[in-house]
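# Examination of the molecular architecture
Listed below are the residues making up each chain.
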Amino acid sequence: MKILVIEDEPALLESILAYFTGEGNICEHASDFAAANEKISLYSYDCILLDLGLPGGEGLELLTRLKQLKKRDGVLIISARHSLDDKLAGLDLGADDYLVKPFHLSELKARVSAIVRRKNFDGDNVIMFHEITVDVSAMKIRVKGNPVSLTKKEFDLLVYFLSNRNKVVTKNAMAEHLWGDEMDLLDDFDFIYTHVKNLRKKLLEAGAADYLRSVYGIGYKFGDL
Amino acid sequence: MKLSNRYNRANILTSIVVLIITGIIYYVVIHFILTEKLDRDLAVEENEITQYVNTFHKLPLPASYLDQQVSYKTLSGAIPERQFLNTIYVNPKEGENEPGRSLITIVHVDGKTIKVTITKSRVESENLIRIILLITLGITVVLLLALLLINRFVLSRLWRPFYSILNRMKAFEVTRMDTIEQEPTKIDEFNELNKSVNAMAERVRQDYKELKSFTDNASHEMMTPLAVINSKLDSLLQTESFTEQQGALLEDIYHATARLSRLHQSLLLLAKIENNLIPDPQAIDLNEMVQAKIRQFQELLAKSKLILNEELAPAEVKMSRYLADILLNNLFSNAVRHNITGGHILVKLDRHSLTISNSGKVSQLKTKIFDRFSKAADSEGMGLGLAITKQICNLYGFRIDYHEENGWHVFAVYFGD
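The shown structure was predicted, so the numbers you read here are calculated from the model rather than taken from an experiment. (Residues numbered from 1 in each chain as written. Chains lettered and ligands numbered in written order. Predicted model: local features only at pLDDT ≥ 70, side-chain atom pairs only at ≥ 80, totals over all residues.)

## Focus on the overall build of chain A
Here is the rule we go by: Helix and strand assignments follow DSSP, with helices taken as H or I runs no shorter than four residues and strands as E runs no shorter than two, numbered in order from the N terminus. Three exposure classes are used. Buried residues have 20 or more other C-beta atoms within 10 Å of their own C-beta, exposed residues have 12 or fewer, and partly exposed residues fall in between, all C-beta atoms being placed from the backbone. Here contacts are defined at the residue level, using C-beta atoms placed from the backbone and a cut-off of 7 Å between them.
When you go through chain A residue by residue, the secondary structure sums to 8 helices and 14 strands. Out of the 225 residues in chain A, the part that is buried amounts to 44%. Counted over contacts in chain A with a minimum sequence separation of 6, partners at least 24 positions apart contribute 58%.

## Here's the deal with the overall build of chain B
Scanning chain B from terminus to terminus reveals 8 helices and 12 strands. Relative to its 417 residues, chain B shows a buried fraction of 20%. Restricting the contact set of chain B to residue pairs at least 6 apart, pairs at least 24 apart contribute 64%.

## A few points about the nonpolar core
Residues and elements named next belong to chain A. Keep this limit in mind: To count as a nonpolar core, a set of buried Ala, Val, Leu, Ile, Met, Phe, Trp, Tyr and Cys residues must be joined through C-beta atoms within 7 Å.
Ile6, Ile16, Cys47, Ile48, Leu49, Leu50 and Leu76 are the most contacted members of the largest nonpolar core, which totals 70 residues. By residue number, the principal contributor to this core is helix H5 (residues 105-120), which donates 7 residues. When residues no more than four places from it in sequence are discounted, the contact partners of Leu50 are Ile6, Gly59, Leu62, Val75, Leu76, Ile77 and Ile78.

## Comments concerning the packing of helix H2 (residues 33-42) of chain A against helix H3 (residues 59-68) of chain A
Residue and element names in this part refer to chain A. The condition that has to hold: Note on geometry: axes are C-alpha line fits, over the in-contact stretch for helices, and angles between N-to-C directions span 0 to 180 degrees. What sets the label is the angle itself: under 35 degrees gives roughly parallel, over 145 gives roughly antiparallel, 65 to 115 gives roughly perpendicular, and the rest give oblique. Here a crossing is called left-handed whenever its near helix is offset anticlockwise from the far helix by less than a right angle, and right-handed whenever the offset is clockwise. In the scheme used here, Gly and all other residues not listed as nonpolar or charged are polar, with Ala, Val, Leu, Ile, Met, Phe, Trp, Tyr, Cys and Pro taken as nonpolar and Asp, Glu, Lys and Arg as charged.
Packing of H2 against H3 leaves a shortest axis separation of 10 Å and a crossing angle of 20°. When the axis of H2 is compared with that of H3, the two are roughly parallel. The interaxial crossing formed by H2 with H3 has right-handed handedness. Side by side, H2 and H3 meet where Ala36, Asn37 and Ile40 of the first sit next to Leu62, Arg65 and Leu66 of the second. Classifying every residue of the contact of H2 with H3 by side-chain character gives 4 nonpolar, 1 polar and 1 charged.

## Remarks on the UniProt feature "transmembrane region" (unreviewed entry) in chain B
Basically, it comes down to this: UniProt positions are given in the numbering used here, feature names are shortened, and annotations may be inferred rather than shown by experiment.
Under the feature "transmembrane region" (unreviewed entry), the UniProt entry names residues 12-34 and 128-150 of chain B. A distance of 33 Å separates the end C-alpha atoms of residues 128-150 of chain B, which is 100% helix and 0% strand.

## Things to note about the interface of chain B and chain A
For interface size, the figure often reported is the accessible area lost on association. On the chain A side, the residues contacting the 42 residues of chain B number 33 residues. Mapped by element, the contributors of at least two residues to the side of chain B that touches chain A are helix H3 (188-238), helix H4 (244-274), helix H6 (298-303) and helix H7 (321-337) of chain B. When residues in the side of chain B that touches chain A are grouped by element, the largest group, 15 residues, is from H3 of chain B. Tallied by class, the residues present in the side of chain B that touches chain A amount to 15 nonpolar, 15 polar and 12 charged.

## Observations regarding the sheet that holds strand S11 (residues 399-405) of chain B
All names here are of chain B. Where we set the bar: When DSSP finds two or more bridges between a pair of strands, those strands are recorded as paired.
Strand order in the open sheet made by the 5 strands is S7-S9-S10-S12-S11, with mixed pairing throughout. Strand pairing shows two members of the sheet lacking a second neighbour, strand S7 (307-312) and S11, which therefore form its edges. Across the sheet, the mean angle from the axis of one strand to that of its neighbour is 10°, orientation sign disregarded. Bridge count between S11 and strand S12 (residues 408-414): 7 bridges; the pairing is antiparallel. Among the inter-strand pairings, Ile400 is bridged to a residue of S12, identified as Val413.

## Some words on the UniProt feature "modified residue: 4-aspartylphosphate" (unreviewed entry) in chain A
All names here are of chain A. Following the UniProt record, the feature "modified residue: 4-aspartylphosphate" (unreviewed entry) maps to Asp51 here. Relative to the elements of secondary structure, Asp51 occurs in strand S3 (residues 47-51). When neighbours within four sequence positions are excluded, Asp51 is seen to be in contact with Ile6, Glu7, Asp8, Gly59, Ile78 and Ser79.

## Examining the sheet that holds strand S9 (residues 132-135) of chain A
Residues and elements named next belong to chain A. The sheet built from 4 strands is open, its strands ordered S8-S9-S10-S11 with antiparallel pairing. In this open sheet, the two edge strands, each paired with only one partner strand, are strand S8 (126-129) and strand S11 (146-148). Going across the sheet, the axis of each strand differs from the next one's by a mean of 25°, ignoring polarity.

## So, H4 of chain B
All names here are of chain B. This is how it is decided: One fewer than the residue count of a helix, multiplied by 1.5 Å, yields its expected span.
With 31 residues, H4 extends 45 Å from end C-alpha to end C-alpha; this agrees with the ideal 45 Å at 1.5 Å per step. Those residues of H4 that sit buried are Leu250, Tyr254, Ala258, Ser261, Ser266, Leu268, Leu269 and Ile273. Looking at the residues trailing H4, positive phi occurs at Asn276, about 55°.

## With respect to the pairing of strand S2 (residues 26-30) of chain A
Two faces, one strand: in a regular strand the side chains alternate between the faces of the sheet. Residues and elements named next belong to chain A. Applicable threshold: For crossovers, right-handed means that the path from the first strand over the helix to the second runs clockwise, given strands pointing away from the viewer.
With 5 bridges joining them, strand S1 (residues 2-6) and S2 adopt parallel strand pairing. Across the sheet, residue Ile3 finds its bridge partner in S2, namely Cys27. For the handedness criterion, the β-α-β arrangement of S1, helix H1 (residues 10-20) and S2 is classed as right-handed.

## Re the packing of H1 of chain A against H5 of chain A
Residue and element names in this part refer to chain A. At a closest axis distance of 11 Å, the pairing of H1 and H5 adopts a crossing angle of 60°. In terms of axis orientation, H1 runs oblique to H5. Where H1 crosses over H5, the two elements pack in a sense that is right-handed. Here H1 contributes Ser15, Ile16, Tyr19 and Phe20 to the contact with H5, which in turn contributes Leu105, Leu108 and Lys109.

## A closer look at the confidence of the model for chain B
This is how it is decided: pLDDT expresses how confident the predictor is about each individual residue, on a scale running from 0 to 100.
The predicted model of chain B has a mean per-residue pLDDT of 83, with 93% of residues at 70 or higher. Complex prediction metrics read pTM 0.65 and ipTM 0.87.

## Topic: H3 of chain A
Each turn of an α-helix holds 3.6 residues, which means side chains three or four residues apart point in the same direction. All names here are of chain A. Counted only if it meets this: The arc in question is the one traced by the directions running from the helix axis out to the C-beta atoms.
By the burial criterion, the buried members of H3 are Gly59, Leu62, Leu63 and Leu66. The arc that holds the buried residues of H3, viewed along the axis, is 105°, so those residues lie on one side. What points out from H3, more than 90 degrees from its buried face, is the exposed set Thr64, Lys67 and Gln68.

## Here's the deal with the environment of Glu9 of chain A
Relative to the elements of secondary structure, Glu9 of chain A occurs in the loop between S1 and H1. Take Glu9 of chain A: there are 19 C-beta atoms within 10 Å of it, and that puts it in the partly exposed class. Beyond its immediate stretch of four places on either side in the chain, Glu9 of chain A contacts Thr224 and Val228 of chain B.

## Some thoughts on unusual backbone geometry
Residue and element names in this part refer to chain A. In the segment running from Lys101 into Pro102, the intervening peptide bond is cis, with an omega of -5°. One non-glycine residue, His130, lies in positive phi territory at about 45°. Relative to the helices and strands, His130 resides in the loop between S8 and S9. Here His130 falls in the partly exposed class, since 13 other C-beta atoms lie within 10 Å of it.

Dropping the structure here:
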């Protein structure tokens, strides 16, 4: 997928680019309003990551600009402003999603993947990974063509892993993804383990290879063998 | 009590008292003057009789003149003193008894002592006094009525600008940028008030703007480095060349970062609730929301082997959905966190209140439980959850209550009232 990252903080921009590059993704970036405006006028992207506080202009104006240009680029707002007004204004102006800083890169990737899947495959929202096929809109999973029955949480977990394939995903990020980041879950995330264990067992029983690895006790990695 | 009522009351009371006193003085003085006049007339008559006796050495005829009667009586014993007194005057024309004034005096004719009684009718002067009294009373009543009317119409019109300023002040909302409009008035005090109110509104608005931009900036400036730390940690993790020990260190850093960002979010949220920067409230089906929250906490309950019982009745409250979610989150997290392994949670919901009770250790905080950063020594929370909960309740006029009974910690939120 082709992605434009509009972010003025160089360190954060670098991390995002590093996380997204690879697997056939093309990432471009802009660090101020003028550069971003030029890029969105000239090119089309599968998804634009938009920081609202930009030097040289208000990020929300770029959304209006996109609308004027009649572009169908997906837009994910990433903002430090935890303001509901901004969130609603952004979504009203045609943004697809809103993520508040600080966020986990894995959460960002999952959200971007979801937007791109929705935009590109209208109604045919399918993720393929080796012998595993996930129909996201129908919530159905097949391994080598055989249906596998998963709970809602296990299903969400699998989609999350597949959006972040070959990356280490922390338990913290997984918990926030599955239970929402408003939930005060600081203590520890071991209860995730049950869901991961069940998911893995079901996939193995259905005949899939063991793609899931635990990493240092911090998180998990779902990827090629 | 309204100012005008208060003023009216004082005004009318004073008027009544003053008018009554004036009336009494008036009555007494006029009564005195008229009696004096009658007495003088009687004395003139006495003088005429005395002169007649001195000249002719006999008594004049005891004739009855208009409103005047004279009678004689020869005395043999004690001699009475000369005196004026109120008596009864028999009106011969109408044959009625009227109030009269008499003078009793003595004349000496041919060595005989004769008592002379001169009586005049008082009915005229009594009538005069009555008329004067009636006029006084009439003026009193008219004056009081006039005062009432003036107070009702003139005063209420005079105060109208004041009430319109008051109403606009009540309707004033800091988030809306409209000014408090001036009501044209000729009264200096109200113009002054208007000016002061507008100046104050302007100051409040300015402060609010600064606060809002400070909140925005603080949030942005603190969240950006946190976002960088978080993203760098995520990137670092992908390099996958760590020992088990380094992994444990990374996990600790993750925890601390998560804590820091949560702490910051909580403080911003508190500031936002206190400054009423929360969007419009909406009707919320609390029953459905509580059930969803119970489902959401299923794993956490299972982990601590907690048993949750629910008694839920339909309930609807008007508040921001976002804050309702935070409120429930905080109460549930609290009930889970401060519980004992294998403990119980009881959730009760009805139209008037939500009660969440949990088993747990004896608390040492009690009164300070809703204060910021007050927490049990062994708590892993930040001590902000209940402070936020309390603020949310304050915002919507709910009452939150905590008490401990038989080892149960009971939090109750009462809606409305």
